[in-house]
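# Summary of the model geometry
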Amino acid sequence: MIKLGVLASGSGSNFQSIVDSTESGYLDARVAVLITDKPEAYAIERAKKHEIEQLVLIPKNFPDRDTYYSHIADELKKRGVDLVILAGFMRVVGSPLIDQYRERIMNIHPALLPSFPGLHGQKQAADYGVRISGCTVHFVDEGMDTGPVIIQAAVPAYHDDTEESLGKRILKQEHKIFPYAIRLFSEGRLSVEGRKVIIKGEREDSVIINPPLDMD
Ligand code: GRF
């Protein structure tokens, strides 16, 4: 069984899907700690409900960014965390944490990277007028949403989509692919070669076309 440390800043619906996956046995993993940078994050309530330890670590209480992230790394290591999960953690992670957990930090982003990185991926995609968007789980490197891609889910986007309507469609898939990516890690099926993530036992799947070619 692997130990997870989850970092979240907000509602924590991804955190919830991961906790549920550990409790149902889908994931052979346990969430050892929830760390948040926001005392008001609803993720804290979710953690309490599941008797998961919560740590509120606010950046402004630390002298600088490096000290903040090396403190987080220490807290994670103290608890024997194997894999760090950024589940809506709205900050670019600093190198002291990345160095300690290289290729052992995963992030979820609400767009098909490398399109629409940074904040409001759903709004960027809706405003651009793409026909397909989705979400990406990737390993974290020093850049903003630039690390090697593990898994992506695509969803259709429509001309009248808003950030909210597209975001809702995407979020539903986030809740599926994040636990799956963690599962692949826990089964030892992931390795990284340069920019590419190699998945043991990977197979091909079908295409998605939107609008469908037979829509009449
Ligand atoms: C998700 O859309 C995620 O992709 C992004 O932040 C949002 C977090 O949602 N990084 P939640 O807190 O998991 O509900």
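Residues numbered from 1 in each chain as written. Predicted model: local features only at pLDDT ≥ 70, side-chain atom pairs only at ≥ 80, totals over all residues. Heavy atoms only, no water.

### Here's the deal with the packing of aromatic side chains
Just so we agree on the cut-off: Within 6.5 Å between ring centres, the rings of Phe, Tyr and Trp (the latter by its six-membered ring) count as paired, and their orientation is classed by plane angle as stacked under 30 degrees, edge-to-face over 60, tilted in between. Think of it in three bands: residues with accessible area under 20% of the maximum for their type are buried, residues over 50% are exposed, and the middle band is partly exposed, with areas taken using a 1.4 Å probe on protein chains only. Lysine and arginine charges are scored as sitting over a ring when NZ or CZ, respectively, is within 6 Å of the ring centre and within 35 degrees of the ring normal.
Across all of its chains, the model carries 3 aromatic pairs by this definition. Pairing Tyr-68 with Tyr-69 gives two aromatic rings, centres 4.9 Å apart and planes at 75 degrees, and the pair type is edge-to-face. Across this residue pair, the class does not change: Tyr-68 and Tyr-69 are buried. Ring-pair connections join several aromatic residues into one group, and the members of that group are Phe-62, Tyr-68 and Tyr-69. If you follow Arg-183 out to its NZ or CZ, it ends over the ring of Tyr-26, 4.6 Å from the centre.

### Here's the deal with helix H3 (residues 65-78)
The α-helix advances 3.6 residues per turn, and as a result positions three or four apart in sequence lie on the same side. Cut-off, in case you're wondering: Helix and strand assignments come from DSSP, with helices taken as H or I runs of at least 4 residues and strands as E runs of at least 2, each series counted from the N terminus. Multiplying 1.5 Å by the helix residue count minus one yields the expected span of that helix. Within this analysis, the arc is defined by the directions that extend from the helix axis to the C-beta atoms. Contact definition: two residues touch when any of their heavy atoms are within 4.5 Å. N or O atoms within 3.5 Å of each other form a polar contact, as long as, within protein, one can give a hydrogen and the other can take it, and as long as residues adjacent in sequence are counted only when both atoms are side-chain atoms.
Here H3 is 14 residues long and its end C-alpha atoms lie 20 Å apart, about the 20 Å a rise of 1.5 Å per residue gives. All buried positions along H3 are accounted for by Tyr-68, Tyr-69, Ile-72, Ala-73, Glu-75 and Leu-76. Relative to the axis of H3, the buried residues are bounded by an arc of 160 degrees and lie together on one face. Where H3 is buried, its residues meet strand S1 (2-8), strand S2 (29-36), strand S3 (54-56), strand S4 (83-86) and helix H4 (95-100). Capping the start of H3, Asp-64 holds a side-chain oxygen 3.3 Å from the backbone nitrogen of Asp-66, two or three residues further along.

### Here's the deal with the domain arrangement of the chain
Basically, it comes down to this: Domain boundaries shown here were taken from an automatic or database domain assignment. By buried area we mean how much accessible surface two parts lose on assembly, using a 1.4 Å probe and totalling the loss over both. Think of it as three bins: nonpolar holds Ala, Val, Leu, Ile, Met, Phe, Trp, Tyr, Cys and Pro, charged holds Asp, Glu, Lys and Arg, and polar takes everything else, Gly as well.
In terms of domains, the chain is made up of domain 1 (1-101) and domain 2 (108-204). A C-alpha centroid distance of 20 Å is found between domain 1 and domain 2. At the interface, 20 residues of domain 1 touch 17 residues of domain 2. It is Asn-14, Tyr-26 and Ile-98 that lose the most area in domain 1 upon contact with domain 2, and together they represent 31% of the buried surface on that side. Counting across the interface, domain 1 meets domain 2 through 3 residue pairs in polar contact (both at pLDDT 80 or more). Secondary structure elements with two or more residues in the side of domain 1 that touches domain 2: S1, helix H1 (13-24), S4 and H4. Considering each element in turn, the side of domain 1 that touches domain 2 owes the most residues, 5 residues, to H1. Across the side of domain 1 that touches domain 2, the residue classes break down as 12 nonpolar, 5 polar and 3 charged.

### Quick look at the site of the ligand
We apply this condition: Proximity is defined per residue: if any heavy atom of the residue lies within 4 Å of a molecule or strand, that residue is considered near it. For accessible areas, the Shrake-Rupley method is used with a probe of radius 1.4 Å. Any residue's cover is judged against the shown protein chains and nothing else.
Surveying the vicinity of the ligand reveals the residues Ser-11, Gly-12, Ser-13, Asn-14, Gly-88, Ile-108, His-109, Pro-110, Gln-122 and Glu-174. Asn-14 is positioned such that a nitrogen or oxygen atom in its backbone is 2.8 Å from an oxygen atom of the ligand. Between the ligand and the protein, one listed contact pairs a nitrogen atom with a backbone N or O atom of Ile-108 at 3.1 Å. About the coverage of the ligand: the protein hides 85% of its 370 Å² of free accessible area. Counting residues per element, the ones that place at least two in the shell around the ligand are H1 and strand S5 (105-109).

### Points about the packing of H1 against helix H6 (residues 163-186)
Applicable threshold: Fitted lines through C-alpha atoms serve as axes, helices being fitted only where they are in contact, and the angles separating the N-to-C directions of these axes extend from 0 to 180 degrees. Throughout this description, any angle smaller than 35 degrees is read as roughly parallel, any larger than 145 degrees as roughly antiparallel, any in the 65 to 115 degree range as roughly perpendicular, and the remainder as oblique. The handedness criterion is simple: a crossing whose near helix is rotated anticlockwise from the far helix by less than a right angle is left-handed, and one whose near helix is rotated clockwise is right-handed.
Two elements in contact, H1 and H6, have axes whose closest approach is 9 Å; the angle formed by their N-to-C orientations is 45 degrees. As the angle between them shows, H1 and H6 are arranged oblique. The interaxial crossing formed by H1 with H6 has right-handed handedness. Seen from H1, the contacting residues are Ser-13, Asn-14, Ser-17, Ile-18 and Ser-21; seen from H6, they are Leu-171, Glu-174, His-175, Phe-178, Pro-179 and Ile-182. Class assignment of the residues belonging to the contact of H1 with H6 gives a composition of 5 nonpolar, 5 polar and 1 charged.

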